[in-house]
2 protein chains.
Amino acid sequence: MLNYNAEYEKYLKFFSQQLNIALKSFDNIPQNLAEPMTYAIIDGGKRVRPVLLFATAEMLGLSLDDVKEFAIAIESIHSYSLVHDDLPAMDNDDYRRGKFSTHKKFGEAYGILAGDGLLNFAFEYVLSKDNFNMLDAKALKLLAEYAGISGMIAGQVLDLANEKSAVISEQILYSIYENKTAKLLMCPLLISSIKSNGKYYDELKELGLNIGYMFQISDDIMDAEQSSEHIGKTANKDQVQDKLTAIKVFGLEGAKERREYHYNKCLACLDKMQNADFLYQFVKKLYERTK
Amino acid sequence: MLNYNAEYEKYLKFFSQQLNIALKSFDNIPQNLAEPMTYAIIDGGKRVRPVLLFATAEMLGLSLDDVKEFAIAIESIHSYSLVHDDLPAMDNDDYRRGKFSTHKKFGEAYGILAGDGLLNFAFEYVLSKDNFNMLDAKALKLLAEYAGISGMIAGQVLDLANEKSAVISEQILYSIYENKTAKLLMCPLLISSIKSNGKYYDELKELGLNIGYMFQISDDIMDAEQSSEHIGKTANKDQVQDKLTAIKVFGLEGAKERREYHYNKCLACLDKMQNADFLYQFVKKLYERTK
C-alpha cells in the first residue's frame, strides 16, 4: 500500500541532499555569482520536476542514483527560466515563491548572469557525472532539445509575441503551453524512460504533455482567482499584461473544463502503465492544487 | 610552403558552410527568435575561435569534419556572451561589429532570449551530431566548464564587480582576463587536442592562455587608442565605465609590454609543436592587429 506523503518526503529529502552536493560546485566561483544562483534554486517549493523524475525512475525499476544529476540539471534550467522571465524587460515581476525575484534582490546584471550560469551549469553537471555513458548523452540531448529553441525558449518567445494580441486562438495557446510549460515537464518522464532503454516512452510522453497543459491551465485559473499572498507571486498579472491565456480563450469555466479534460487524459495514460500508483496520486494532487 | 591567406580563406569558407547548415535548425522555430539569433551570429568578423579550432585540428592530423559541430558551438557561446554583455543592465552598448547590438535592433527581451537560445543551442548542436562518442562528451564537458560558472561567466561577474573599484590589482586583472577572455580561446585548442586523444594538451593549454591574455590586452590598447569607427564598436568605453583594464593597471606603454610578453610566451609554446606554421602566423597577426 502506497504511503504517498512518505514517498514524496523521501524524494524531497533525496533532492535536497543532491542539491547540497551540487551547490558545492559553487564554493570556488565568485561569491556574487554563487549567491544569486543559490538564491534562485534553493527554495523550489514542490520540486515538481525532480519528483516526477524520481517517481518515474522508480516506477521503471531504476534507482534514484541513476538519474540524480538530471534532477539537478532540470531544476537548474527551470530556475534559470524563472530568473530571466522575471527580468524587467520580460515579465517584470518583483516577487517569486513568496520572496523577491532574483534580479530584484541582486540587481539586473546579476539576474542575467545567474540565469546564464544556471543554464550552463545544467549541462556541465550532467557532463561531469561519473560514468557518463551513451544513455546519459541521449537523455541530455533530449533535455537540450526540450529546453531550447524548439522547446521552452520558443514557448517564451511565443508567449511574449502574443501579449496584447487581438488574435485569440486555441491553436496558438496550445502551442505556447506545449513549449513554454509542457516540454520541461515531459523531460523528467522521458529522461527516466531513456535511462531504462525507452520503456513506456510513448505513454510517458503523452502523460507529460497532458500534465503540462493541466499545470499551466491551473496556473491561469489561480492567477485569475487567487490573491498574490496565497500563490506567492504577483496575481492577476496575466490580465494586466494582456497575455494569451486559457482564461482569455475559454473563459474561467471553460478553462476549468480544459483542466479536467487534460486530467482525464493523464489518467488514461497512467492506466496503461504498471506501478504507477505514486504518479497517479501526484497527478491527482496537481489537479486539485490551489497554489 | 604555407599560403597563410589561402588557408585562412579555406577555414572561413568551411565555417560559413557549416554555419549555413546549423542555421537550418532555425527554420522551424519562431521567426522572432530565429532573427535575433541569426543576427547575432552571422557577421562574426575574423572567426578567431573557429579558425583556431580548425587549424589546431589539422595540425594534429584531424579533419575539419571531426570538429565542425564544436566550431558552431563555440561561436554560438561567444555570440551569446556578446549579446548578453551588450544589454543595458550589463555594458549597455548600442553597437557591435559595426552594427546595432542585438537588443538595440530587436528589443531587450529578444536580446535576452536570443542569448539564452544561442547558449542552449551550443550544447544541443553537439549532442545531436552523428556518431556522438565519448571523446565528444569529454570535449563538450570542457566547453561547459570553460564557458560556465568557473570560466567565462565567472569572468563576466569579476569584470562587473571590479568596475569603479579603487583596488588596482594585477592579480585580479589576470583572473578576470583568464576567465572572461582566455578560457573561451583555449577551448578550440583543447577540444582539438581532446579529439586527438590529448596530443600536445599542456602546450596548447599554455598557448591558449597566452593568446587570451594577448588578445584582451590588445583590446584594451585599441579601446584607448582607436576611434569607434575603426574598431566597429564604441571606443573608450573602458575608461568611461571605469573598468579594471591593463591600461589602468600598467599604463598604455606598460600594457604594450605585457602584450609583447604574452606574444613571446605564445612563440615559446609554438616552438614545442610540429606543423604549427599556420598557428604561428595566426598568433603573429593577432599580435599585430589594430582592430
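In this text the structure is predicted, and so the values were computed from the model without any measurement.

Caption draft 1: Representation of the interface of chain B and chain A in the model. Taken together, the contact pairs 44 residues of chain B with 44 residues of chain A. Together, the buried faces of chain B and chain A total about 3,800 Å²; carbon and sulfur atoms form 77% of this surface. It is Asn120, Leu127 and Ile149 of chain B that lose the most area in chain B upon contact with chain A, and together they represent 17% of the buried surface on that side. The interface formed by chain B and chain A contains 0 salt bridges. Summed over the shared surface of chain B and chain A, the number is 4 residue pairs in polar contact (both at pLDDT 80 or more). Among the elements of the structure, α2 (31–42), α4 (68–85), α6 (108–127), α7 (134–147) and α8 (152–161) of chain B are those that each provide at least two residues to the side of chain B that touches chain A. No other element matches α6 of chain B, which puts 13 residues into the side of chain B that touches chain A.

Caption draft 2: Examining the environment of Asn92 of chain B more closely. All names here are of chain B. Structurally, the position occupied by Asn92 is in the loop between α4 and β1 (95–96). With relative accessibility at 42%, the residue Asn92 sits in the partly exposed group. Separated by 12 residues in sequence, Asn92 and Lys104 place their C-alpha atoms 9.6 Å apart. Beyond its immediate sequence surroundings of up to four residues, Asn92 is in contact with Asp85, Asp86, Leu87 and Lys237.

Caption draft 3: Representation of the side chain of Glu124 of chain B in the model. Relative to the elements of secondary structure, Glu124 of chain B occurs in helix α6. Despite being buried, Glu124 of chain B has no salt bridge partner; Lys141 of chain A is the closest side chain of opposite charge, sitting 8.3 Å away. Non-local contacts of Glu124 of chain B, meaning those with residues more than four positions away in its chain, are made with Ala144, Glu145, Gly148, Ile149 and Ser150 of chain A.

Caption draft 4: Inspection of the side chain of Lys243 of chain B at higher detail. Residue and element names in this part refer to chain B. With respect to the helices, strands and loops of the structure, Lys243 is situated in the loop between α12 (237–241) and α13 (246–271). A polar side-chain atom of Lys243 sits 3.0 Å from a polar atom in the side chain of Asp91. Beyond its immediate chain neighbours, meaning those up to four positions away, Lys243 contacts Asp91, Asp159, Glu163, Asp238 and Lys248.

Caption draft 5: How the structure looks around the nonpolar core. Judged by nonpolar contacts, the single largest core of 206 residues is most densely connected at Leu207 of chain A together with Leu207 of chain B. Residues within four places of Leu207 of chain A in sequence aside, it is in contact with Leu189, Cys266, Cys269, Leu270, Met273, Leu279 and Val283 of chain A.

Caption draft 6: Layout of the confidence of the model for chain A. Put simply, chain A has an average pLDDT of 95, and 98% of its residues get 70 or more. As a predicted assembly, this complex carries a pTM of 0.96 together with an ipTM value of 0.96.

Caption draft 7: Representation of helix α2 (residues 31–42) of chain A in the model. The terminal C-alpha atoms of α2 of chain A lie 16 Å apart, and with 12 residues this matches the ideal 16 Å at 1.5 Å per residue to within 8%. Those residues of α2 of chain A that sit buried are Leu33, Ala34, Pro36, Met37, Tyr39, Ala40 and Ile41 of chain A. At its buried positions, α2 of chain A is contacted by α1 (4–23), α4 (68–85), β2 (99–100), α5 (102–106) and α6 (108–127) of chain A together with α8 of chain B.

Caption draft 8: Structural detail: the relation of the copies chain B and chain A. The transform that puts chain B on chain A rotates by 180 degrees and translates by 0.0 Å along the axis, for an RMSD of 0.0 Å. Taken together, the rotation angle and the small translation identify this as a two-fold axis. In this assembly, 100% of the residues forming the interface of chain B have copies in chain A that are likewise at the interface, indicating an isologous arrangement.

Caption draft 9: Geometry of helix α7 (residues 134–147) of chain A. The end-to-end C-alpha distance of α7 of chain A is 20 Å, a good match for the 20 Å that 14 residues give at a rise of 1.5 Å each. Among all positions in α7 of chain A, only Asp136, Ala137, Ala139, Leu140, Leu142, Leu143, Ala144, Tyr146 and Ala147 of chain A are buried. Check the buried side of α7 of chain A and you find it contacts α4, α6, α8 (152–161), α9 (170–195) and α10 (201–225) of chain A together with α6 of chain B. N-cap assignment for α7 of chain A: the residue whose side-chain oxygen lies 3.0 Å from the backbone N of Leu135 of chain A is Asn133 of chain A.

Caption draft 10: Structural view of the packing of α1 of chain A against α4 of chain A. Residues and elements named next belong to chain A. Relative to each other, α1 and α4 sit at 80 degrees, their axes nearing to 10 Å. Overall, the two elements α1 and α4 adopt an arrangement that is roughly perpendicular. Listed contacts from α4 to Phe14, Phe15, Gln18, Leu19 and Ala22 of α1 are Lys68, Ala71, Ile72 and Glu75.

Caption draft 11: Seen up close, the state of the cysteines. For the structure shown, the criterion picks out 0 disulfides over all chains. With no disulfide of its own, Cys266 of chain A has Cys269 of chain A as its nearest cysteine by sulfur position, at a separation of 6.5 Å.

Caption draft 12: Representation of the pattern of salt bridges within the structure. Under the definition given, this model contains 37 salt bridges over all chains. Asp159 of chain A is the partner of Lys180 of chain A in a salt bridge, and the nearest nitrogen-oxygen pair spans 3.6 Å. You can see Lys180 of chain A sitting in helix α9 and its partner Asp159 of chain A sitting in helix α8, a full 21 residues away along the chain. The salt bridge partner of Lys68 of chain B is Asp65 of chain B, with a shortest N-O separation of 3.5 Å. Classification of Asp65 of chain B as partly exposed rests on a relative accessible area of 43%.

Caption draft 13: Fine view of unusual backbone geometry. A positive phi angle, close to 50 degrees, is found at Arg47 of chain B, a residue other than glycine. Examined against the element boundaries, Arg47 of chain B turns out to sit in the loop between α2 and α3 (48–59).

Caption draft 14: Expanded view of the packing of aromatic side chains. The final tally for this structure, using the stated rule, is 29 aromatic pairs over all chains. Taking the centre distance of 5.9 Å and the plane angle of 65 degrees together, the rings of Tyr4 of chain B and Tyr8 of chain B count as edge-to-face. On the criterion of helical spacing, the pair formed by Tyr4 of chain B and Tyr8 of chain B is a turn pair, its members being 4 residues apart in helix α1 (residues 4–23). Both residues of the pair, Tyr4 of chain B and Tyr8 of chain B, count as buried. Taken together, a centroid distance of 4.8 Å and an interplanar angle of 25 degrees make the contact between Tyr4 of chain B and Phe278 of chain B stacked. Here Phe278 of chain B lies in helix α14 (residues 277–288) and Tyr4 of chain B lies in helix α1, a separation of 274 residues in the sequence. Considered together, Tyr4 of chain B and Phe278 of chain B belong to a single accessibility category, that of buried residues. Grouping aromatic residues by their ring pairs yields a cluster made of Tyr4, Tyr8, Tyr11, Phe14, Phe54, Phe278 and Phe282 of chain A. Sitting above the plane of the Phe215 of chain A ring, Arg289 of chain A keeps its charged end 4.0 Å from the centroid.

Caption draft 15: Quick look at the packing of α10 of chain A against helix α14 (residues 277–288) of chain A. Residues and elements named next belong to chain A. Axis separation between α10 and α14 bottoms out at 10 Å; the angle between their running directions is 25 degrees. Of the possible angle classes, the one that applies to α10 and α14 is roughly parallel. For the crossing formed where α10 meets α14, the hand is left-handed. Of α14, the residues touching α10 (which contributes Leu207, Ile211, Met214, Phe215 and Ser218) are Leu279, Val283, Leu286 and Tyr287. Across the contact of α10 with α14, the residue classes tally to 8 nonpolar, 1 polar and no charged.

Analysis parameters
Residues numbered from 1 in each chain as written. Chains lettered and ligands numbered in written order. Predicted model: local features only at pLDDT ≥ 70, side-chain atom pairs only at ≥ 80, totals over all residues. Heavy atoms only, no water. Contact = heavy atoms within 4.5 Å. Buried area = accessible area lost by both parts, 1.4 Å probe. Salt bridge = Lys/Arg side-chain N within 4 Å of Asp/Glu carboxyl O. Polar contact = N/O pair within 3.5 Å; in protein donor to acceptor, adjacent residues only side chain to side chain. Helix = DSSP H or I, 4+ residues; strand = E, 2+ residues; numbered from the N terminus. Buried < 20%, exposed > 50% of the residue type's maximum accessible area, 1.4 Å probe, protein only. Lys, Arg positive; Asp, Glu negative; His and termini not counted. Core = buried A, V, L, I, M, F, W, Y, C linked by side-chain atoms within 4.5 Å. pLDDT = per-residue confidence, 0-100. Expected span 1.5 Å × (residues − 1). Least-squares fit on C-alpha atoms with pLDDT ≥ 70 in both. Axes fitted to C-alpha atoms, helices over the stretch in contact; angles between N-to-C directions. Parallel < 35°, antiparallel > 145°, perpendicular 65-115°, else oblique. Disulfide = S-S within 2.5 Å. Phe/Tyr/Trp six-rings, centres within 6.5 Å; stacked < 30°, edge-to-face > 60°. Lys NZ or Arg CZ within 6 Å of the ring centre and 35° of its normal. Left-handed = near helix turned anticlockwise from the far one by under 90°. Nonpolar A, V, L, I, M, F, W, Y, C, P; charged D, E, K, R; others polar.

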